[in-house]
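Chains, contacts and geometry: an overview
If you want the building blocks of each chain, they are given just below.
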Protein chains: 6
Amino acid sequence: MFDHRHEHIDDRMVLLQANLDDMNPEYVSYVSDRLFEAGANDVYWIPIVMKRGRPGVMLNVLVSEERIGEMERIVFAETTTLGLRYLRADVHRLGREFATVETPWGPITVKLGFHRGELVQMAPEFKECEAAAKSSGVPLKTVYDEVRRRYADMRSAAGQQSGSGGGT
Amino acid sequence: MFDHRHEHIDDRMVLLQANLDDMNPEYVSYVSDRLFEAGANDVYWIPIVMKRGRPGVMLNVLVSEERIGEMERIVFAETTTLGLRYLRADVHRLGREFATVETPWGPITVKLGFHRGELVQMAPEFKECEAAAKSSGVPLKTVYDEVRRRYADMRSAAGQQSGSGGGT
Amino acid sequence: MFDHRHEHIDDRMVLLQANLDDMNPEYVSYVSDRLFEAGANDVYWIPIVMKRGRPGVMLNVLVSEERIGEMERIVFAETTTLGLRYLRADVHRLGREFATVETPWGPITVKLGFHRGELVQMAPEFKECEAAAKSSGVPLKTVYDEVRRRYADMRSAAGQQSGSGGGT
Amino acid sequence: MFDHRHEHIDDRMVLLQANLDDMNPEYVSYVSDRLFEAGANDVYWIPIVMKRGRPGVMLNVLVSEERIGEMERIVFAETTTLGLRYLRADVHRLGREFATVETPWGPITVKLGFHRGELVQMAPEFKECEAAAKSSGVPLKTVYDEVRRRYADMRSAAGQQSGSGGGT
Amino acid sequence: MFDHRHEHIDDRMVLLQANLDDMNPEYVSYVSDRLFEAGANDVYWIPIVMKRGRPGVMLNVLVSEERIGEMERIVFAETTTLGLRYLRADVHRLGREFATVETPWGPITVKLGFHRGELVQMAPEFKECEAAAKSSGVPLKTVYDEVRRRYADMRSAAGQQSGSGGGT
Amino acid sequence: MFDHRHEHIDDRMVLLQANLDDMNPEYVSYVSDRLFEAGANDVYWIPIVMKRGRPGVMLNVLVSEERIGEMERIVFAETTTLGLRYLRADVHRLGREFATVETPWGPITVKLGFHRGELVQMAPEFKECEAAAKSSGVPLKTVYDEVRRRYADMRSAAGQQSGSGGGT
């Protein structure tokens, strides 16, 4: 099992695509849910213009080779497509860590991304921010901004202590 | 009956809109055809993101007030919507004339648009260019460019004769 | 209070729009949820290209006049916009009724839409179909198709009994 | 020659792409037509944002390796691109069969898709449904729904006779 | 002349729209520039699907009534449209103020938006952040985040001094 | 170093993609600029619908293998992504030449594209046309059309002199 804490390249990934011009768009969220549950790494939809000017959508599923069989079973069962395309893709993933930030709405997790050992990404967890916003009545954007600010303050304080430069 | 050769503003137009998140996109071209046949001035579709992230489409029909009844009959019959919006719109239309250009593929019509008496638009007729491209095997863009060039040459020659400056 | 069982036109509706080119798209679902909870009739997002080629989104909220104040409070609090547009819109709503269809996965509701007394729309309720699909493991599209088929059979049987022509 | 009645994977397909930011969109339908006539398996267009925020389109052509030469000839002749990209793609196609359904508007073909021997797709032929809707004046969606309903009834009757479970 | 420091509603605005299905997208940035220079309040483009499935764009210009004449002159001269639509729009604008934040890259302006006297928006000026990022080599997102953090710290300090609660 | 005057296929290209659902769209033009400066062959953005119906964008960078390291450094620093995809792509580029056309606004360059020795593309240089339009006050589309017309006249005259057929 790979250790996702380390930056790495996964060269056994596949981008599965299906163009849909005759599917009720109501199915979209359900199809995404089922694919994520079955192990898709990402699922997204691209608006496209198909034959006869039909405004269709292209389903995209990023998934590891070994899960292709399960993905195609779901796509054929739940969408209206008669075919699928597979494109090979190498996926470069940053090293990931998590940190906790104390906020007026309780502790909130931030996801950190490292490229060649350097911190390059810092993202508050959506679901926790959403929960904090809902329960407190504070705007979601205020929660996000406050989490970012507190994480930066924390890092800046830690940097001063240790004498390292820090800085995102 | 209004004379479309003159630039004018039509202040009795309506923009009819319907958001569709549960319609098979295969119906789109058929719905457009039926609306145009029944007197719509324009029909177009906008990709939108609806409830639960559904990639739907918004149908837009530009039509004169007196034809609203017929449009809504078609939209309710042929799409899956449970409601329609009407927005009032004033439509400013250029004065229109047509000219004929001689080309290696026979005569082709160009549509001319005039703003305050001055020529501002010149568009070769799509269907005639398409027919010329199909029968001759010449690329469509070559046909378009040649029609434009010949119309410009024609106008430039006419301008020199009469001593007027011309120029688009 | 208006009786939504009857087809009617609501001429006191407003389409509120805000262009967003500097907002984290993660906020989108949260903003929609809050607007729906506060009484928006519809909320949808249109991908647009803004100044400097920024791929922004336009928020659209369809709402009755009397709720504008509450909507603008939410939009200013939860998005990054410095302004809003209001466009007046008349909304034509079909007469609505509900029916229940017996299926192998239990009873499922269908929403019916009537235009000038005639049935023009029939839509299975998404959430019930989704729940049936999830609990039974049957594809969602199969559930939808079966609900539609059974409703049509029901209507067709009723039509034959009463001698009326029926037809969707 | 491959027998399309069987489910298979075609690993000699190519996805040809060209970004167009200076082409008159009027050429789009003509380009699609020409590519389909010359043997493209699929042609679709994706709205994109290009340099300087230009709202361009990306042409996509799915085609077998041996037809690349002919496709590139058409793309260079009929569009304005100075280059093309080729991405390799494996295409998984369902087994296909056709069936005929008797309807009040005459017989209509349905296309069936089989995954691992099981029926997973059933799609009425668009052109036949369109013709039936036009000649009868019945809404296209009613024709579609009726074809689906009758096919399901047919299958359900056959399943009962033979004692097999059927499904879909 | 209106004082934009106060929140207000401008009820003399117009949304001018033109659908373009035969215009070279290269003109888009130039058209936007010219319209902004001539006093447009906003200019944006929506990808749409037009007749024959053409992936066109809809130009939108938000402008005050008194500038319509100049806008239409530019649109007819610089685009290929033969007509324009005008929709009336009321525009609600937040009260605006500016503040200056000291940063490691020099002072940077932030735009503030007030709704009913309360601060609801705070946006660093794009051009100044961009210039700081370019000259320092620091990522633009780091500049933005730092400006936001310092403004929040500034406000928080001011709030503590005066005893007011503050809060964005 | 390859000679771009000749038509060729570059089989060492990579399409780098990142889906962004939590990035301020204001960064888009800056990111594009930095990637082009660092040697990207093309940069474009596709509107997509991501998890929870977020209207995100997909960044696409076409670049040669040897520049991947530099591209990923910029993408991780300037966007919010935690991962990248790489798809291999062969790029077919037309032979390119430049010609100069005399116009009423001074000489303007046109870019020519050759497929199998035949001229298939002719595009006026955007920046020069824009500069001519700005300094002269003539509409940009008029400048473009005039450059095209003059180039065609030039070629047609050259063809008659040499007795060759010309074309395009």
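Going by what an unreviewed UniProt entry lists, chain A is known as DUF111 domain-containing protein and is assigned to Paenibacillus flagellatus.

1. Details of the packing of aromatic side chains
Within this structure, the stated rule accounts for 6 aromatic pairs over all chains. Taking the centre distance of 5.2 Å and the plane angle of 70° together, the rings of Tyr144(A) and Tyr27(C) count as edge-to-face. With Tyr144(A) in helix 4 (residues 140-162) and Tyr27(C) in the loop between strand 1 (8-20) and helix 1 (28-37), this pair bridges two chains. Tyr27(C) gets classed as buried once you look at its relative accessible area, which sits at 6%.

2. Some points on the environment of Leu140(B)
Summarising the element assignment, Leu140(B) is placed in helix 4 (residues 140-162). The class of Leu140(B) is buried, set by a relative accessible area of 0%. In this structure, the C-alpha to C-alpha distance between Leu140(B) and Glu130(B), residues 10 residues apart in sequence, is 6.3 Å. When near neighbours in sequence (up to four residues on either side) are disregarded, Leu140(B) contacts Phe126(B), Cys129(B), Glu130(B), Ala133(B), Tyr27(D), Tyr30(D) and Glu78(D).

3. Concerning the interface of chain C and chain B
In this assembly, 29 residues from chain C lie in contact with 25 residues from chain B. Between chain C and chain B lies a buried interface of about 2,100 Å² when both sides are counted; carbon and sulfur atoms form 59% of it. Its largest share of buried area at the contact with chain B, chain C owes to Tyr44(C), His92(C) and Gln121(C), together 25% of the area lost on that side. Put simply, chain C and chain B have 2 salt bridges between them.

4. Side note on empty space enclosed by the protein
If you walk through the whole model with that rule in mind, you get 5 cavities of 30 Å³ or more. Size it by volume and the largest cavity reaches roughly 550 Å³. Along the wall of the largest cavity there are 49 residues; nearest its centre are Pro47(C), Ile48(C), Pro47(D), Pro47(E) and Pro47(F). A per-class count over the lining of the largest cavity returns 43 nonpolar, 6 polar and no charged.

5. Notes on the pattern of salt bridges
All chains considered together, the criterion is met by 79 salt bridges over all chains. We note a salt bridge from Arg54(A) to Asp21(A), for which the minimum N-O separation is 2.8 Å. Here Arg54(A) is found in strand 3 (residues 54-64), whereas its partner Asp21(A) is found in the loop between strand 1 (8-20) and helix 1 (28-37), with 33 residues between them in sequence. We note that Arg54(A), like Asp21(A), is buried. Among the salt bridges present, the one from Glu26(C) reaches Arg54(F), with a minimum N-O distance of 3.8 Å. Of this pair, Glu26(C) sits in the loop between strand 1 and helix 1 while Arg54(F) sits in strand 3 (residues 54-64), which puts the two residues in different chains. Judged by its relative accessible area of 9%, Glu26(C) is buried.

6. Things to note about the side chain of His115(A)
You can see His115(A) is positioned in strand 6 (residues 106-115). Within the local environment of His115(A), its side chain forms a polar contact with the side chain of Glu7(A), the two groups lying 2.5 Å apart.

7. Comments concerning unusual backbone geometry
Not every positive phi belongs to a glycine, and Arg52(C) is a case in point at roughly 65°. Assignment of secondary structure puts Arg52(C) in the loop between strand 2 (42-50) and strand 3 (54-64). When its relative accessible area of 34% is taken as the criterion, Arg52(C) is described as partly exposed. Of note in the backbone geometry, Arg116(D) takes a positive phi value of approximately 50° without being a glycine. Tracing the chain through its elements places Arg116(D) in the loop between strand 6 (106-115) and strand 7 (118-124). The exposure class assigned to Arg116(D) is exposed, which follows from its relative accessible area of 57%.

8. Looking at the relation of the copies chain C and chain B
In this structure, two copies of a chain are linked by a rotation about an axis accompanied by a shift along it. Under the fitted operation, chain C is carried onto chain B by 0.0 Å of movement along the axis and a turn of 120°, and the coordinates agree to an RMSD of 0.0 Å. In the structure described here, the two chain copies are related by an operation that fits a three-fold rotation axis. When the interface residues of chain C are mapped onto chain B, a mere 10% of them are again interface residues, pointing to distinct binding faces.

9. Here we look at the interface of chain F and chain A
Listed as interface residues are 25 residues of chain F and, on the opposing side, 30 residues of chain A. Of the roughly 2,100 Å² buried between chain F and chain A on both sides combined, carbon and sulfur atoms contribute 59%. For chain F, the biggest contributors to the area lost against chain A are Phe76(F), Leu82(F) and Arg85(F); these three give 30% of the whole. Run the count over chain F and chain A and you get 2 salt bridges. With a shortest N-O distance of 3.6 Å, Arg52(F) and Glu130(A) are connected by a salt bridge. There are 11 residue pairs in polar contact (both at pLDDT 80 or more) connecting chain F and chain A. Split by residue class, the side of chain F that touches chain A holds 11 nonpolar, 7 polar and 7 charged. In the sheet, strand 4 (residues 83-93) of chain A pairs with strand 4 (residues 83-93) of chain F via 4 bridges, with the strands oriented antiparallel. Opposite Val91(A), over in strand 4 of chain F, you have Arg85(F) as the bridge partner.

10. Here we look at the sheet that holds strand 5 (residues 95-103) of chain E
One key point about sheets: their strands pair by backbone hydrogen bonds, in either a parallel or an antiparallel sense. Residues and elements named next belong to chain E. Strands sit in the order 5-6-7 across an open sheet of 3 strands; the sheet is antiparallel. Of all the strands in the sheet, the pair left with one neighbour each is strand 5 and strand 7 (118-124). Shown here is a sheet whose adjacent strand axes are inclined to one another by a mean of 30°, direction ignored. Summarising the sheet, strand 5 and strand 6 (residues 106-115) pair through 9 bridges and their orientation is antiparallel. Following the sheet pairing, glutamate 102 is matched in strand 6 by proline 107. Contacting strand 6 and strand 7, helix 3 (residues 126-136) runs over the sheet at an angle of about 155° to strand 6.

11. What to know about helix 1 (residues 28-37) of chain F
Looking at helix 1 of chain F, one finds that the buried residues are Val28(F), Ser29(F), Tyr30(F), Val31(F), Ser32(F) and Leu35(F). Within two residues after helix 1 of chain F, Gly39(F) carries a phi angle of roughly 105°, on the positive side.

Conventions we followed
Residues numbered from 1 in each chain as written. Chains lettered and ligands numbered in written order. Predicted model: local features only at pLDDT ≥ 70, side-chain atom pairs only at ≥ 80, totals over all residues. Heavy atoms only, no water. Phe/Tyr/Trp six-rings, centres within 6.5 Å; stacked < 30°, edge-to-face > 60°. Helix = DSSP H or I, 4+ residues; strand = E, 2+ residues; numbered from the N terminus. Buried < 20%, exposed > 50% of the residue type's maximum accessible area, 1.4 Å probe, protein only. Contact = heavy atoms within 4.5 Å. Buried area = accessible area lost by both parts, 1.4 Å probe. Salt bridge = Lys/Arg side-chain N within 4 Å of Asp/Glu carboxyl O. 1 Å grid on protein atoms, 1.4 Å probe; cavity = no way out; pocket = protein on both sides within 12 Å on 5 of 7 lines; lining within 4 Å. Points joined across faces, edges and corners; volume = space filled by probe spheres on them. Nonpolar A, V, L, I, M, F, W, Y, C, P; charged D, E, K, R; others polar. Polar contact = N/O pair within 3.5 Å; in protein donor to acceptor, adjacent residues only side chain to side chain. Least-squares fit on C-alpha atoms with pLDDT ≥ 70 in both. Pairing = 2+ DSSP bridges. Axes fitted to C-alpha atoms, helices over the stretch in contact; angles between N-to-C directions.

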